[in-house]
Amino acid sequence: MNYPFMPIVTSPEYNAIGPAEAIARELHADQYYYGTGFDFVDYHLTPSVRTIRGLGSDAADEAVFWLHDTVEDTGATLGYLEERGFPQAIVAAVDCLTIRPDESDESNMQRVLVHPGASRLKIVDAERNLIATQELQSTMNPEDYHNCIRKYAGKLILLAGRSFDHNLTLPWSAYIQTRAAFARKALHELYIDEGIAA
């Protein structure tokens with residue numbers, strides 16, 4: 001699938017938020033956030049969508065985030081999303097955010113980085129995963145905790161550094177700068193914990 005090198009845009013009269021949230025809740029029903037007892041939709045998707053809405057994004061951004069894990073983590077396909085009436089721009093962004101079978105995180109990130117809409121939504125995703133990792137530290141073994149901090153903070157910093165290639169609104173620019181600082185602080189604290197930094 002070819003990705004549009006432009007923000008996620010659909011016709012102004014089309015609002016995909018309601019259908020996207022409904023499908024996400026249907027497909028992610030009874031799924032929990034990575035080995036916890038927390039409902040995946042309520043713990044991960046809902047607060048992230050709230051962040052996206054607070055930054056003044058349009059309905060398409062919110063819809064993509066509701067749907068971004070449906071293909072990767074459920075039995076849904078991109079074709080199913082098309083059949084449910086979602087525009088090509090939304091389906092393409094979901095495809096970009098989906099880690100394909102046998103695809104590494106690094107390869108997926110390269111696809112995400114060339115799609116402006118997907119890249120900024122991936123920042124929100126990485127931030128939420130980083131926050132969750134910190135919140136769940138007491139339930140994780142140290143090695144898993146350290147690996148997750150490196151993974152999500154590293155993604156956030158990489159994405160933040162490249163996101164200024166695109167035309168961002170002032171709220172998004174400020175958000176990305178503060179989230180990059182948050183990720184660098186998390187890594188610094190990790191290095192101190194590991195005895196790497198003073």
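As the structure is a prediction and not an experimental result, all values here were calculated from the model.

Digging into the overall build of the chain
Turning to step 1, where the next piece is worked out: Secondary structure assignment for the chain yields ten helices and zero strands.
Turning to step 2, where the next piece is worked out: Helices and strands appear in the chain in the N-to-C order α-α-α-α-α-α-α-α-α-α.
Turning to step 3, where the next piece is worked out: For the chain, the residues scored as buried account for 48% of the 198 residues in total.
Turning to step 4, where the next piece is worked out: Partitioning the contacts of the chain with sequence separation of at least 6, the portion at a separation of at least 24 is 66%.
Turning to step 5, where the next piece is worked out: Summed over all atoms, the accessible surface of the chain reaches about 9,600 Å², with 54% contributed by carbon and sulfur.

Structural notes on the packing of aromatic side chains
Turning to step 1, where the next piece is worked out: The final tally for this structure, using the stated rule, is four aromatic pairs.
Turning to step 2, where the next piece is worked out: Geometrically, the ring pair formed by Y33 and Y34 is edge-to-face, given 4.6 Å between the ring centres and 75 degrees between the ring planes.
Turning to step 3, where the next piece is worked out: On the basis of relative accessible area, Y33 is assigned to the buried category, the value being 4%.
Turning to step 4, where the next piece is worked out: Plain terms: the ring middles of Y33 and Y43 are 5.2 Å apart, the flat faces sit at 65 degrees to each other, and that makes the pair edge-to-face. You can see Y33 sitting in the loop between helix 1 (17–27) and helix 2 (40–54) and its partner Y43 sitting in helix 2, a full ten residues away along the chain.

Focus: the side chain of N129
Turning to step 1, where the next piece is worked out: Note that N129 resides in helix 8 (residues 116–135).
Turning to step 2, where the next piece is worked out: For N129, a relative accessible area of 4% corresponds to the buried category.
Turning to step 3, where the next piece is worked out: The residues touching N129, leaving out its near neighbours within four places in the chain, are Y33, Y34, H44 and Y152.

A short note on the pattern of salt bridges
Turning to step 1, where the next piece is worked out: Following the criterion strictly, the structure yields twelve salt bridges and no others.
Turning to step 2, where the next piece is worked out: When the shortest N-O distance is used, the salt bridge between R25 and D42 registers 3.4 Å. Here R25 is found in helix 1, whereas its partner D42 is found in helix 2, with 17 residues between them in sequence.
Turning to step 3, where the next piece is worked out: The salt bridge partner of E103 is R111, with a shortest N-O separation of 2.9 Å.
Turning to step 4, where the next piece is worked out: Using a relative accessible area of 19% as the deciding quantity, one classes E103 as buried.

Comments concerning the nonpolar core
Turning to step 1, where the next piece is worked out: Ranked by size, the top nonpolar core spans 57 residues in total, and within it W66, L67, F86, I90, V94 and L130 carry the most contacts.
Turning to step 2, where the next piece is worked out: If you tally residues by element for this core, the top one is helix 10 (residues 170–193), at nine residues.

Overview of the side chain of E103
Turning to step 1, where the next piece is worked out: Here E103 shows up in the loop between helix 6 (88–97) and helix 7 (105–113).
Turning to step 2, where the next piece is worked out: A polar side-chain atom of E103 sits 2.9 Å from a polar atom in the side chain of R111.
Turning to step 3, where the next piece is worked out: When neighbours within four sequence positions are excluded, E103 is seen to be in contact with T98, N108 and R111.

Concerning helix 9 (residues 142–163)
In an α-helix, one turn spans 3.6 residues, which is why side chains three or four residues apart end up on the same side.
Turning to step 1, where the next piece is worked out: With 22 residues, helix 9 should cover 32 Å at 1.5 Å per step; its first-to-last C-alpha distance of 31 Å lies within 8% of that length.
Turning to step 2, where the next piece is worked out: Of all the residues in helix 9, the buried ones are Y145, H146, I149, Y152, A153, K155, L156, L159, A160 and S163.
Turning to step 3, where the next piece is worked out: You can read the cap of helix 9 off the contacts: a side-chain oxygen lies 3.1 Å from the backbone nitrogen of E143, and it is on N141.

Focus on the layout of surface pockets
Turning to step 1, where the next piece is worked out: Considering only enclosed or pocket space, the largest pocket measures out at about 400 Å³ in volume.
Turning to step 2, where the next piece is worked out: What lines the largest pocket is a set of 24 residues, among which Y33, Y34, N129, K151 and Y152 lie closest to the centre.
Turning to step 3, where the next piece is worked out: Every element with two or more residues in the lining of the largest pocket is listed here: helix 8 and helix 9.
Turning to step 4, where the next piece is worked out: Broken down by element, the residue count for the lining of the largest pocket peaks at six residues, all from helix 8.
Turning to step 5, where the next piece is worked out: Partitioned by chemical class, the residues of the lining of the largest pocket number ten nonpolar, seven polar and seven charged.

Considering the confidence of the model for the chain
Turning to step 1, where the next piece is worked out: Chain-level statistics for the chain give a pLDDT mean of 89 and a share of 90% at 70 or above.
Turning to step 2, where the next piece is worked out: The model gives residues 1–13 a pLDDT under 50, and that stretch makes 38 contacts with residues more than four places away or in other chains.

Basis of the calculations
Residues numbered from 1 in each chain as written. Predicted model: local features only at pLDDT ≥ 70, side-chain atom pairs only at ≥ 80, totals over all residues. Heavy atoms only, no water. Helix = DSSP H or I, 4+ residues; strand = E, 2+ residues; numbered from the N terminus. Buried < 20%, exposed > 50% of the residue type's maximum accessible area, 1.4 Å probe, protein only. Contact = heavy atoms within 4.5 Å. Areas by Shrake-Rupley, 256 points an atom, 1.4 Å probe, with all protein chains shown as cover. Phe/Tyr/Trp six-rings, centres within 6.5 Å; stacked < 30°, edge-to-face > 60°. Salt bridge = Lys/Arg side-chain N within 4 Å of Asp/Glu carboxyl O. Core = buried A, V, L, I, M, F, W, Y, C linked by side-chain atoms within 4.5 Å. Polar contact = N/O pair within 3.5 Å; in protein donor to acceptor, adjacent residues only side chain to side chain. Expected span 1.5 Å × (residues − 1). 1 Å grid on protein atoms, 1.4 Å probe; cavity = no way out; pocket = protein on both sides within 12 Å on 5 of 7 lines; lining within 4 Å. Points joined across faces, edges and corners; volume = space filled by probe spheres on them. Nonpolar A, V, L, I, M, F, W, Y, C, P; charged D, E, K, R; others polar. pLDDT = per-residue confidence, 0-100.

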